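Coordinates in review
Listed below, chain by chain, are the residues.
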Amino acid sequence: MNGIKKMHKDNHIVTIFGGTGDLTYRKLLPAFYNLKCTDNFPDHLHIVVIGRQPLTSESYRDLARPWLQEHSRIHVSDDHLDAFLNHVTYFEMTFTEDEGYERLFTRFQDIDADAKKLYYFAVAPSFFEIIAQKLEKHNLAKDSKIIIEKPFGNDLKSAESINDTLSNIFDEDHIYRIDHYVAKEMVQNIFTIRFANEIFKNIWNADNIANIQISANELVGVENRGNYYDHTGALKDMFQNHLLQILSIVTMDKPETMDASSIHEAQEAILDNLYIENMDQDVIFGQYMQNQESMSYRDEDKVDEQSQTETFVALKLGIQTPRWRNTPIYVRTGKRMHKRITEVVVEFKRQDNAPANVLIIKIQPEEGIYLRFNIKKPGQSHETQSVLMDFCQSCDYENRMNTPEAYERLLNAALEDDHSLFASFNQVKRSWAFVEDIIQHHQGHEPETYPAFTNGPKGSHDLLARDGFTWIEEEIRNDAYEL
């Protein structure tokens, strides 16, 4: 699960709805280019990019070239780029109108009438249903696969409506719900760290672990996403999908097998048993305010000047299973934080008043594993000293070059009919139900403010302090760990 398998793939026509958007230029086309360069590209794969702009295939390829040169992890040479772009054609149509689908059917027949169809919905979720319905109406949906981007709806009701429509048109095993965090190298590495190491496998439980911390902090604000973000907030934008996915992988029991159904079943069991003991005390909403380097959230473009939308959330969670009885799990995510970092921290219980052992799984921007443990301080005394052992995965150039990016893994998996990197609808439904309980309880509550480029609101630190813990701030490659 930690790499891309090199094996035969069936012929595919991949059709990207939203082909002139940032996602296609920054992620999808570079991912396909990287697959081409690493021999993980089907011999007969054709990419049809759909957009409304009046472009030819040649003019679209010219537009794509600088994006590929900037965003591909593998060096772009003219020869390789030309060979890749020969697989890409542009198709002008308005995807809400029937006329284009009639022409699209004809185009597919001209390209390869027998090729498998894979549709990528790189559009807002409000368009998922109409595109699917048009595909079915024009005989383009049968035996086809679709990839849909998060968010899966804007709430539980819209998610269920979208799913009802899609599942009436496509088989469930032909629907791929992307959460790109799941495909990140160090998230996938959690499986190996937990289940392939006896030193962790047998102590990954409430008897040995004092608490777990999951952080996804960003330096950026809302930038040009003010209108979207003001109707979404940190809870829906990050916690409902990315962080609950990571949490379920960190805490789930070992799946019976490593196939998609077993992994999903283990993750769903965590979501079924997730709880918040005290909604008033264990959920902290924050909103960044102005400082010398940044305007406040309410002054951002297309944000309501009276907005109560949270740009930060911290939660104390519990899991009602024997493995995790009474073990607090702290999750936080925020914008305009003091540094960009996504990490999982496992703090083990203290022994004989010695400093706690700590394992850190660094997900981004650096990738690696860091372990704090205790030794006797050199000298005549028996004083204990904490030392740090680190493995920096991304510090090695060869590792960086050989590590597929998330979208490479996801596209490759979809071409291979592998669902293990994608979310089941049961996961989506359980996540939305959990988040909506929080939203309903905190409706109308004013978020606590915090200065931009700091480590979040005071309430998020009090959340841990009540239990005798602190957010563990890791200092890479220092000889000791500072708490």
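Residues numbered from 1 in each chain as written. Predicted model: local features only at pLDDT ≥ 70, side-chain atom pairs only at ≥ 80, totals over all residues. Heavy atoms only, no water.

1. A look at the overall build of the protein chain
Test applied: Numbering of helices and strands runs from the N terminus, with a helix taken as a DSSP run of H or I at least four residues long and a strand as a DSSP run of E at least two residues long. Contacts: residue pairs with any heavy atoms within 4.5 Å of one another. For this count, His and the chain ends are skipped, Lys and Arg are scored as positive, and Asp and Glu as negative. To locate a charge, take NZ of a lysine, CZ of an arginine, CG of an aspartate or CD of a glutamate.
From N to C terminus, the protein chain includes 15 helices and 16 strands. Each of the three principal axes of the protein chain carries a C-alpha extent, and together these read 80 × 50 × 45 Å. The long-range fraction of contacts in the protein chain, counting pairs at least 24 apart against all pairs at least 6 apart in sequence, stands at 75%. Charge separation in the protein chain, taken as the distance between the mean sites of 50 positive and 77 negative side-chain charges, equals 2 Å.

2. A look at the pattern of salt bridges
What counts, and what does not: When a carboxyl oxygen of Asp or Glu lies within 4 Å of a side-chain nitrogen of Lys or Arg, that pair is called a salt bridge. Burial classes follow relative accessibility: with a 1.4 Å probe on protein chains only, a residue under 20% of its type's maximum area counts as buried, one over 50% as exposed, and anything between as partly exposed.
If you walk through the whole model with that rule in mind, you get 24 salt bridges. The salt bridge involving R430 is made with D272; its shortest N-O contact spans 2.4 Å. With R430 in helix α14 (residues 425-441) and D272 in helix α11 (residues 260-272), this residue pair connects regions lying 158 residues apart in the sequence. Measuring nitrogen to oxygen at the nearest pair gives 3.0 Å for the salt bridge that ties K316 to D467. With K316 in strand β10 (residues 312-319) and D467 in the segment after α15 (458-465), this pair connects stretches of sequence that are 151 residues apart. Relative accessible area serves as the criterion here: at 31%, D467 is assigned to the partly exposed category. What emerges from the salt-bridge pattern is a single network uniting D62, R65 and D82.

3. Some thoughts on the environment of Y176
By the secondary structure assignment, Y176 is in strand β6 (residues 175-177). Taking C-alpha positions, Y176 is 9.3 Å from Y120, a pair spaced 56 residues apart along the chain. Among residues more than four places away in sequence, those in contact with Y176 are K145, I146, I147, I148, A414, D417, D418, H419 and F422.

4. Points about the layout of surface pockets
Worth spelling out the cut-off: Lining residues are defined by having an atom within 4 Å of a point belonging to a cavity or pocket. Those points lie on a 1 Å grid over the protein atoms alone, cavities being sets where a 1.4 Å probe fits but cannot get out and pockets being open sets with protein on both sides within 12 Å along at least five of seven lines. Grid points are joined across faces, edges and corners, and a volume is the space filled by probe spheres set on the points. Ten residues, namely Ala, Val, Leu, Ile, Met, Phe, Trp, Tyr, Cys and Pro, are considered nonpolar, four, namely Asp, Glu, Lys and Arg, are considered charged, and the remaining ones, Gly among them, are considered polar.
Roughly 360 Å³ of volume is contained in the second largest pocket. Every residue lining the second largest pocket is counted, 15 residues in all, and those nearest its centre are Q308, T309, E310, I439 and Q443. Of all the elements, helix α10 (residues 233-251) adds the most residues to the lining of the second largest pocket, at three residues. Each residue belonging to the lining of the second largest pocket can be placed in one class, and the counts come to three nonpolar, nine polar and three charged.

5. A short note on the packing of aromatic side chains
Basically, it comes down to this: Classification of ring pairs uses Phe, Tyr and Trp, with its six-membered ring standing for Trp, and accepts pairs whose centres are within 6.5 Å; under 30 degrees between planes counts as stacked, over 60 as edge-to-face, and the remaining range as tilted.
Counting across every chain of the model gives 21 aromatic pairs. Here F17 and F121 contribute two aromatic rings whose centre-to-centre distance is 5.8 Å and whose plane-to-plane angle is 90 degrees, an arrangement assigned as edge-to-face. Of this pair, F17 sits in strand β1 (residues 12-17) while F121 sits in strand β4 (residues 116-121), and the two are 104 residues apart along the sequence. Each member of the pair F17 and F121 is classed as buried.

6. Brief notes about α10
Because an α-helix packs 3.6 residues into every turn, residues spaced three or four apart end up facing the same way. Operational definition: Working rule for helices: expected span equals 1.5 Å times residues minus one.
Here α10 is 19 residues long and its end C-alpha atoms lie 25 Å apart, about the 27 Å a rise of 1.5 Å per residue gives. For α10, a buried count of 18 out of 19 residues is recorded, marking the element as mostly surrounded by other parts of the structure.

7. Section: unusual backbone geometry
One can expect most non-glycine residues to show negative phi and most peptide bonds to be in trans. Backbone torsion omega between Q364 and P365 reads 0 degrees, so that peptide bond is classified as cis. Structurally, P365 can be placed in the loop between β13 (358-364) and β14 (368-376). The backbone of E223 sits at a positive phi, close to 50 degrees, despite the residue not being glycine. Structurally, the position occupied by E223 is in the loop between β7 (209-217) and α9 (226-230). Overall, the relative accessible area of 55% leaves E223 in the exposed class.

8. Things to note about the side chain of S460
Short version of the rule: Under the rule applied, a polar contact is a pair of N or O atoms within 3.5 Å (in protein, one hydrogen donor and one hydrogen acceptor; residues adjacent in sequence only if both atoms are side-chain atoms).
For S460, the location among the structural elements is in helix α15. Within the structure, the side chain of S460 is placed 2.8 Å from the backbone oxygen of P457, a separation counted as a polar contact. Setting aside anything within four residues of it in sequence, one finds S460 in contact with I284, F312, A314, N455 and W471.

9. A closer look at the sheet that holds strand β3 (residues 88-92)
Just so we agree on the cut-off: Two strands qualify as a pair provided that DSSP identifies no fewer than 2 bridges between them. What counts as an axis is a line fitted to C-alpha atoms, over the stretch in contact for a helix, and the angles between N-to-C directions run from 0 to 180 degrees.
The parallel open sheet is built from six strands, whose spatial order is β3-β2-β1-β4-β5-β6. One side of each edge strand has no neighbouring strand; the edge strands of this open sheet are β3 and β6. Along the sheet, successive strands turn relative to each other by an average axial angle of 20 degrees, direction set aside. Note that β1 and β4 share six bridges and pair parallel. Residue I13 lies in a different strand from β4, and its bridge partner there is K117. Against the sheet, helix α4 (residues 98-112) engages β1, β2 (45-51), β3 and β4, with an angle of about 155 degrees to β3.

10. Examining the environment of D114
Here D114 shows up in the loop between α4 and β4. In sequence terms D114 and N11 are 103 residues apart; their C-alpha atoms lie 8.1 Å from each other.

11. Here's the deal with the pairing of strand β11 (residues 329-334)
Counting buried residues along β11, six of its six residues qualify, which places the element largely inside the surrounding structure. Burial along β11 is two-sided: I329, V331 and T333 and Y330, R332 and G334, pointing in opposite directions, are all buried. Of the strand pairs in this sheet, β7 and β11 are connected by six bridges, and their pairing is parallel. Paired with N217 across the bridge in β11 is G334.

12. A word on the nonpolar core
The criterion, for reference: Here, nonpolar core means buried Ala, Val, Leu, Ile, Met, Phe, Trp, Tyr and Cys residues that are tied together by side-chain atoms lying within 4.5 Å of each other.
If you look at the biggest cluster of nonpolar residues, it comprises 67 residues, and the most contacted ones within it are F239, I246, L247, L315, L317, V344 and I438. Sequence-distant contacts of L247, that is, excluding residues within four places in its chain, are made with I214, I270, L274, L317, I319, I329 and V331.

13. Comments concerning empty space enclosed by the protein
Summed over the entire model, instances satisfying the criterion amount to three cavities of 30 Å³ or more. For the largest cavity, the calculated volume is near 90 Å³. Contributing to the lining of the largest cavity are F152, D179, Q240, N241, L244, Q245, S248, L271, A423, Q427, V428 and S431. Mapped onto the lining of the largest cavity, the elements with two or more residues apiece are α10 and α14. Counting residues per element, the lining of the largest cavity draws most heavily on α10, which supplies five residues.

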